[in-house]
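# Secondary and tertiary structure notes
The residues making up each chain are set out below.
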Amino acid sequence: MKLKVSFSSFLRTLFGILLLVFYCEYLIFYLVQMHCSWPTLDPTKQENITSKENPVRILVIADTHLLGSLKGHWLDKLRREWQMYRAFQTAVALHQPELVFVLGDLLDEGSFCSDSEFRYYIERFFSLFQVPGETTMYVVAGNHDIGFHYRIHPYTQKRFEEGFNALAVQLISVRGNHFVLVNSMALEGDGCFLCEPAEKELAKVAKLLKCSQSSNEACDRLPATLSAYSRPILMQHYPLYRGSDKDCTDFDAAPYPEREERFREKWECLSKEATDQILKQIKPRLALSGHTHHGCTRRLPVGDGIEITMPSFSWRNKDNPNYALGVFTPNNYAIGKCEMPRESTVINLYILGLVGLFIWLCCCNRRRRFP
């Protein structure tokens, strides 16, 4: 049976398709993400530190994995980049964060791409993840950005550091809140060109935090941003040491049986030695990480803080990617994850919408044949 479509029916069908695309590619991001709001500080969790500072509001994402020319098909690249662009810009517009942190693996082929493609990577990233003038973005390096430890070359490390202003160790202090950003691949402890300077810088940061906690003649004069002590927030790409994700019960945790797969130290997580060292050095109240592409919340193995592993921000790696919103004061914090549209939901909407339009066309054609 041939389906004869009148011009008016064709226009209505085209309009229906355009509405479906508008909903699935634009409106759905607002409808889903507007349900998420800034978390509220719990007064019962307040630490014994006096603070009258206004809270600092941060947004955190991880593992954007912008596709390169070798592994990424142009259509897949176009699709994923539009999704991340729309989700991120919607999040920034709705929540207006003061700080944005990206926890590594910004790029998919950053460790081996050519210089020309790397420059193109930089342009694409800051175009997709553009922030307004009142918002500041900070990034840490991931293994896809500069390579795993065994294959990092000084040149690739330096070009990422300069291109994204991502030092191996950074201390960001805003209104008494201290964020310590660390390059995970610099924590191998083997004295390499990257590790030794990073360890010295991390020791320097630890000393500054300790000096801000108690006045001591042996301490140098502290910068104004460190005039008051508060327990820092650790941010890096690798999760801290854990055997697997089997104890992770977050809604975005890894599916079974992947959740029970053993983690290899220095590959899926930091080594136990590096984990113990960094936790004892800076004593964080919260650690944020990425790398696994799945979510996980657990208590820190040293101290009384928690670690939150963020899932990949790309629908290529996760059906339900999300981002975190955090509210911080020197003596308290609250953090929560914000869901975004599921990839499976969008696909199902397209299927149902197109099937519905086809059925409508068939019914219209039948009414014309049998008035």
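Given the structure is predicted, the values throughout are model-derived calculations rather than measurements.

## So, the overall build of the protein chain
Assigned secondary structure in the protein chain consists of eight helices and 11 strands. C-alpha atoms of the protein chain, sized along the principal axes, occupy 95 × 45 × 40 Å. Counting all 371 residues of the protein chain, 51% fall into the buried class. Across the protein chain, contacts joining residues at least 24 apart in sequence account for 76% of those joining residues at least 6 apart. Carbon and sulfur atoms make up 56% of the accessible area of the protein chain, which totals about 18,500 Å². Taking the 43 positively charged and 41 negatively charged side chains of the protein chain as two groups, their mean positions are separated by 8 Å.

## What about helix 5 (residues 154-164)?
For helix 5, the complete set of buried residues consists of Thr156, Gln157, Arg159, Phe160 and Phe164. Each buried residue of helix 5 lies within a common arc of 165 degrees when the element is viewed along its axis, so the set occupies one face. Directly beyond the C-terminal end of helix 5, a positive phi value near 50 degrees is found at Asn165.

## Here we look at the layout of surface pockets
Within this model, the largest pocket holds a volume of roughly 310 Å³. For the lining of the largest pocket, the element with the highest residue contribution is strand 11 (residues 332-339), accounting for three residues. For the lining of the largest pocket, the per-class residue count stands at three nonpolar, four polar and seven charged. Of the pockets and cavities examined, the second largest pocket occupies roughly 230 Å³. Lining the second largest pocket are 14 residues, with Glu258, Glu261, Phe263, Glu268 and Thr292 sitting closest to its centre.

## Overview of the packing of aromatic side chains
Enumeration according to the criterion identifies 18 aromatic pairs in this entry. Ring geometry for Phe101 against Phe179: centres 5.2 Å apart, planes inclined by 40 degrees, an arrangement best described as tilted. One end of the pair, Phe101, is in strand 2 (residues 99-103); the other, Phe179, is in strand 5 (residues 177-182), and 78 residues separate them in sequence. Ring pairing ties together the aromatic residues Phe88, Phe118, Phe125, Phe126, Phe129, Phe160, Phe164 and Phe313, which thus form one cluster. For the cation-ring pair, Arg259 lies above Tyr256, with the distance from its terminal atom to the ring centre recorded as 4.5 Å.

## Thoughts on the packing of helix 3 (residues 115-128) against helix 5
Running from N to C, helix 3 and helix 5 cross one another at 30 degrees; their axes reach a closest spacing of 11 Å. Here helix 3 lies roughly parallel to helix 5, going by the angle between them. You can see that helix 3 and helix 5 cross each other, and the crossing is right-handed. Between helix 3 and helix 5, the contacting residues are Asp115, Phe118, Ile122, Phe125 and Phe126 on the first element and Tyr155, Arg159, Phe160, Gly163 and Phe164 on the second. A class-by-class count of the residues in the contact of helix 3 with helix 5 yields seven nonpolar, one polar and two charged.

## Remarks on helix 6 (residues 195-213)
With 19 residues, helix 6 should reach 27 Å at 1.5 Å per residue; the first-to-last C-alpha distance of 27 Å fits that figure. Taken residue by residue, helix 6 has Cys195, Ala198, Leu202, Val205, Ala206, Leu209, Cys211 and Ser212 as its buried positions. Residues of helix 6 that are buried make contact with strand 4 (169-174), strand 5 and helix 7 (272-282).

Each value, and the rule that gives it
- Residues numbered from 1 in each chain as written.
- Predicted model: local features only at pLDDT ≥ 70, side-chain atom pairs only at ≥ 80, totals over all residues.
- Heavy atoms only, no water.
- Helix = DSSP H or I, 4+ residues; strand = E, 2+ residues; numbered from the N terminus.
- Buried < 20%, exposed > 50% of the residue type's maximum accessible area, 1.4 Å probe, protein only.
- Contact = heavy atoms within 4.5 Å.
- Areas by Shrake-Rupley, 256 points an atom, 1.4 Å probe, with all protein chains shown as cover.
- Lys, Arg positive; Asp, Glu negative; His and termini not counted.
- Charge placed at Lys NZ, Arg CZ, Asp CG, Glu CD.
- Arc of directions from axis to C-beta.
- 1 Å grid on protein atoms, 1.4 Å probe; cavity = no way out; pocket = protein on both sides within 12 Å on 5 of 7 lines; lining within 4 Å.
- Points joined across faces, edges and corners; volume = space filled by probe spheres on them.
- Nonpolar A, V, L, I, M, F, W, Y, C, P; charged D, E, K, R; others polar.
- Phe/Tyr/Trp six-rings, centres within 6.5 Å; stacked < 30°, edge-to-face > 60°.
- Lys NZ or Arg CZ within 6 Å of the ring centre and 35° of its normal.
- Axes fitted to C-alpha atoms, helices over the stretch in contact; angles between N-to-C directions.
- Parallel < 35°, antiparallel > 145°, perpendicular 65-115°, else oblique.
- Left-handed = near helix turned anticlockwise from the far one by under 90°.
- Expected span 1.5 Å × (residues − 1).

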